[in-house]
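Letter by letter, the chains look like this.
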Amino acid sequence: MKRTRRDNVGILLFLLPALLLFFVFFVFPVCFVGVMSLFDWNGITSAGFVGFENYAKIFGDKVFWSSLRHNVIWALAACCIQVPLALLMALILSKKPRFWKFFRTVYFLPQVISGIAIATLWAAVFNSEFGLLNGILKAVGMGDKATNWLGNPKTAFVCVLVYGLFYIGYYMVILMAGISGIDETYYEAARIDGANAFQVDLHITIPLIRYSLATCMSLAAVFGLRTFEQVYLLTNGGPANRTSILVLYLYKQMNVNDYGGANASSMMLILVGAIVIVGVRKIFSSKDD
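Residues numbered from 1 in each chain as written. Predicted model: local features only at pLDDT ≥ 70, side-chain atom pairs only at ≥ 80, totals over all residues. Heavy atoms only, no water.

## A few points about the overall build of the protein
- Of the regular secondary structure elements, the protein holds 14 helices and two strands.
- Taken along the three principal axes of its C-alpha coordinates, the protein extends 80 × 70 × 30 Å.
- With 289 residues in all, the protein has 36% of them scored as buried.
- Put simply, 65% of the contacts in the protein that link residues at least 6 apart link residues at least 24 apart.
- Total accessible area on the protein stands at roughly 17700 Å², and carbon and sulfur atoms take up 68% of it. (Helix = DSSP H or I, 4+ residues; strand = E, 2+ residues; numbered from the N terminus. Buried < 20%, exposed > 50% of the residue type's maximum accessible area, 1.4 Å probe, protein only. Contact = heavy atoms within 4.5 Å. Areas by Shrake-Rupley, 256 points an atom, 1.4 Å probe, with all protein chains shown as cover.)

## Quick notes on the state of the cysteines
- For the structure shown, the criterion picks out zero disulfides.
- Unpaired in terms of disulfides, C80 finds its nearest cysteine sulfur in C79, a separation of 6.3 Å. (Disulfide = S-S within 2.5 Å.)

## Let's talk about the packing of aromatic side chains
- Across all of its chains, the model carries 19 aromatic pairs by this definition.
- Ring plane angle 75° and centroid distance 6.2 Å describe the contact between W74 and F157, whose orientation is recorded as edge-to-face. Of this pair, W74 sits in helix α3 (residues 62-93) while F157 sits in helix α7 (residues 156-165), placing them 83 residues apart in sequence.
- Given the relative accessible area of 13%, F157 is considered buried.
- Measuring from ring centre to ring centre gives 5.2 Å for F228 and Y232, while their planes differ by 15°; the resulting arrangement is stacked.
- Counting every residue linked through ring pairs, the aromatic cluster contains F52, Y55, F59, F64, W65 and Y249.
- Directly above the aromatic system of Y211 lies the positively charged group of R210, at a separation of 4.5 Å from the ring centroid. (Phe/Tyr/Trp six-rings, centres within 6.5 Å; stacked < 30°, edge-to-face > 60°. Lys NZ or Arg CZ within 6 Å of the ring centre and 35° of its normal.)

## Side note on α7
- Counting buried positions along α7 gives eight out of 10 residues, so the element sits mostly inside the fold.
- Three or more residues of α7 are buried, namely A156, F157, C159, V160, L161, Y163, G164 and L165.
- Structurally, α7 contributes buried residues whose contacts are with α3, α5 (115-125) and α12 (229-234).

## A word on the pattern of salt bridges
- Per the stated rule, a full pass over the model turns up three salt bridges.
- With its nearest N and O atoms 3.0 Å apart, the salt bridge here joins D258 to K57. Remark: K57 occurs in helix α2 (residues 53-59) and D258 occurs in the loop between α13 (246-255) and α14 (259-284); sequence separation between them is 201 residues.
- The class for K57 is partly exposed, based on a relative accessible area of 44%. (Salt bridge = Lys/Arg side-chain N within 4 Å of Asp/Glu carboxyl O.)

## Points about the side chain of T155
- Summarising the element assignment, T155 is placed in the loop between α6 (132-139) and α7.
- With sequence-adjacent residues up to four places away left out, T155 is seen in contact with N148 and W149.

## Thoughts on the environment of L161
- On the secondary structure map, L161 appears in helix α7.
- Here the alpha-carbon distance between L161 and V247, two residues 86 residues apart in the chain, equals 15 Å.
- Dropping the residues within four chain positions of it, L161 is found in contact with I73, W74 and A77.

## Comments concerning helix α10 (residues 197-208)
- With 12 residues, α10 should cover 16 Å at 1.5 Å per step; its first-to-last C-alpha distance of 15 Å lies within 8% of that length.
- Along α10, the positions that sit buried rather than exposed are V200, D201, I204 and T205. Projected down its long axis, α10 shows its buried positions confined to an angular sector of 125°, all on one face. Residues of α10 that are exposed and point more than 90 degrees away from the buried face comprise F198 and H203.
- Buried residues in α10 make contact with α3, α8 (169-180) and α9 (184-192). (Expected span 1.5 Å × (residues − 1). Arc of directions from axis to C-beta.)

## Concerning the environment of F157
- Taking the C-alpha atoms as reference, F157 lies 14 Å from A78; in sequence the two are 79 residues apart.
- When sequence neighbours within four positions are dropped, the list of residues in contact with F157 reads H70, I73, W74, R242 and T243.

Structure below.
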């Protein structure tokens with residue numbers, strides 16, 4: 001049925017509030033950051049146009065590149081470890097084994113706890129003097145392996161990275177919701193054909209939750225790129241910038257009133273995020289899309 005002009009106006013009116021919010025809280029700030037990245041500005045006095053000098057400055061800074069590398073590693077780890085773990089648990093719990101609701105709640109519980117509280121907890125675990133990890137090593141006769149986990153350049157980034165990878169509840173719930181929407185007739189047909197549980201998951205469940213999986217991959221990559229509080233609280237980017245990340249890098253630029261450099265770093269973070277999102281969509285897209 002052909003839409004009339006009145007229908008189009010009605011659709012536009014319904015979309016207008018969302019479009020207005022999108023423009024005010026996303027499009028305008030991004031454009032403002034992009035423009036101000038071309039200026040030398042301390043946030044107080046008048047800004048002076050410097051062109052791409054801020055970009056040249058951050059591109060010549062080794063800390064920027066190490067921060068970017070850490071962010072990429074974080075995003076890849078989230079996509080290659082965190083989401084697959086969430087998928088595994090979703091596949092197991094979707095079969096509704098005994099106490100499945102209890103385990104679903106347990107895995108999701110960290111998502112409702114403040115990230116600051118979790119970071120503080122892990123800071124105590126990795127503490128070099130009274131930390132739980134060193135205490136366990138000493139208790140099992142491996143006291144020589146005890147170290148200052150967050151102060152050692154060889155272990156700091158691994159410790160900051162690893163603890164967050166096992167909080168899979170958010171992605172697990174999304175994938176379980178996708179699995180619950182699959183028509184039971186697919187499984188009945190597979191069982192009639194003699195498929196085992198592994199074959200059913202591999203050839204039916206996973207392909208049919210492709211879009212849920214793509215959503216989880218996108219979110220995991222974005223969360224990895226915008227990580228801040230756990231690094232800030234655990235190491236503040238140290239030791240010797242071995243755990244520095246882009247958000248913390250631009251935060252430190254703002255602390256010294258280098259808003260031009262911070263805006264340039266922000267634009268690079270937005271660019272990397274956009275590339276990651278497009279890449280994930282390409283990987284999970286099909287010819288029918």
